Amino acid sequence: ISAWFDSILHWDRRLGHSIGNSEKLRRFGRMFLTATYLGDGYLWAALAIGLLAFGGSVGRKYVLIGFSITAVNILVFRTIKSLTSRDRPPFSVMKLRSKMVEGYSFPSGHATTSFGMAWVVSNCYPYTAVQVTVYLVAATIAFSRVYLREHYPLDVLGGAILGSAIAASLFPLLVGLVF
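Residues numbered from 1 in each chain as written. Predicted model: local features only at pLDDT ≥ 70, side-chain atom pairs only at ≥ 80, totals over all residues. Heavy atoms only, no water.

### Things to note about the environment of G16
- Mapped onto the secondary structure, G16 falls in helix α1 (residues 2-20).
- Here G16 falls in the buried class, since its relative accessible area comes to 8%.
- Taking the C-alpha atoms as reference, G16 lies 18 Å from A138; in sequence the two are 122 residues apart.
- Not counting residues within four places of it along the chain, the set of residues in contact with G16 comprises V146 and P153. (Helix = DSSP H or I, 4+ residues; strand = E, 2+ residues; numbered from the N terminus. Buried < 20%, exposed > 50% of the residue type's maximum accessible area, 1.4 Å probe, protein only. Contact = heavy atoms within 4.5 Å.)

In structure tokens form, the structure reads like this:
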């Protein structure tokens with residue numbers, strides 16, 4: 001099992017290195033940098049403010065659900081990060097920033113919270129255009145973390161699965177409590 005696990009981690013590091021050094025992706029560098037910053041919570045906060053201001057009582061309830069799920073996602077991913085203690089990739093584009101935030105890589109907090117919020121939004125507003133848009137945004141945020149060498153691909157995949165699973169588990173309970 002150890003050799004298999006080591007080979008998976010080696011593949012993960014190689015893929016992350018290839019993405020971060022891709023000449024073809026370099027033209028999207030500003031977009032990925034913007035996505036990373038928006039993934040710090042600014043995008044989801046702006047959505048919440050919009051719903052609080054213009055979404056009526058239903059919008060306010062959706063914000064409460066999204067906030068609750070995000071809080072649980074943050075608690076869980078931070079706990080897992082401290083347990084796994086996986087170092088971030090070397091040669092991070094944003095090395096100083098990542099050292100100030102937290103040193104560990106698995107799972108990606110950006111991917112966890114973004115996919116959790118994508119799940120919430122797509123279930124609160126079940127319109128194809130909304131669902132496609134919110135998942136494209138979440139995927140771009142997650143991918144930006146690999147491109148900027150803040151995370152390995154499995155960090156963002158694990159975060160996406162974790163955030164979605166927590167949202168899927170808590171959403172029905174919270175809808176029942178709030179509505």
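### A few points about the packing of aromatic side chains
- The full count for this structure, using the stated rule, is 7 aromatic pairs.
- Between F32 and Y147 the ring centres are 5.0 Å apart and the planes differ by 45°, which places this aromatic pair in the tilted class. Remark: Y147 occurs in helix α6 (residues 128-147) and F32 occurs in helix α2 (residues 29-54); sequence separation between them is 115 residues.
- Judged by relative accessible area, which is 5%, F32 ranks as buried.
- Residue class for Y147 comes out buried when judged on its relative accessible area of 8%. (Phe/Tyr/Trp six-rings, centres within 6.5 Å; stacked < 30°, edge-to-face > 60°.)

### What to know about the environment of C124
- Relative to the assigned elements, C124 resides in helix α5 (residues 109-124).
- On the basis of relative accessibility, which here comes to 7%, the residue C124 falls in the buried class.
- The spacing of C124 and W4 is 120 residues in sequence and 40 Å in space, taken between C-alpha atoms.

### Describing helix α7 (residues 153-178)
- With 26 residues, α7 extends 36 Å from end C-alpha to end C-alpha; this agrees with the ideal 38 Å at 1.5 Å per step.
- F171 marks where α7 bends most, by close to 35°; the proline P172 follows one to four residues later. (Expected span 1.5 Å × (residues − 1). Bend = angle between axes of the 7 residues up to and from the residue.)

### Some points on the packing of α2 against α6
- Following both chains from N to C, one finds α2 and α6 inclined at 115°, their axes separated by 8 Å at the closest point. The interaxial crossing formed by α2 with α6 has left-handed handedness. Only V134, V137, T140, I141, F143, S144, R145 and Y147 of α6 make contact with α2, whose side of the interface consists of G29, M31, F32, A35, T36, G39, L43 and W44. (Axes fitted to C-alpha atoms, helices over the stretch in contact; angles between N-to-C directions. Left-handed = near helix turned anticlockwise from the far one by under 90°.)

### Things to note about the side chain of T112
- In this fold, T112 is placed in helix α5.
- Within the structure, T112 has its side chain in polar contact with the backbone oxygen of G159 (distance 3.4 Å).
- The residues touching T112, leaving out its near neighbours within four places in the chain, are N73, F77, P107, G159, A160, L162 and G163. (Polar contact = N/O pair within 3.5 Å; in protein donor to acceptor, adjacent residues only side chain to side chain.)

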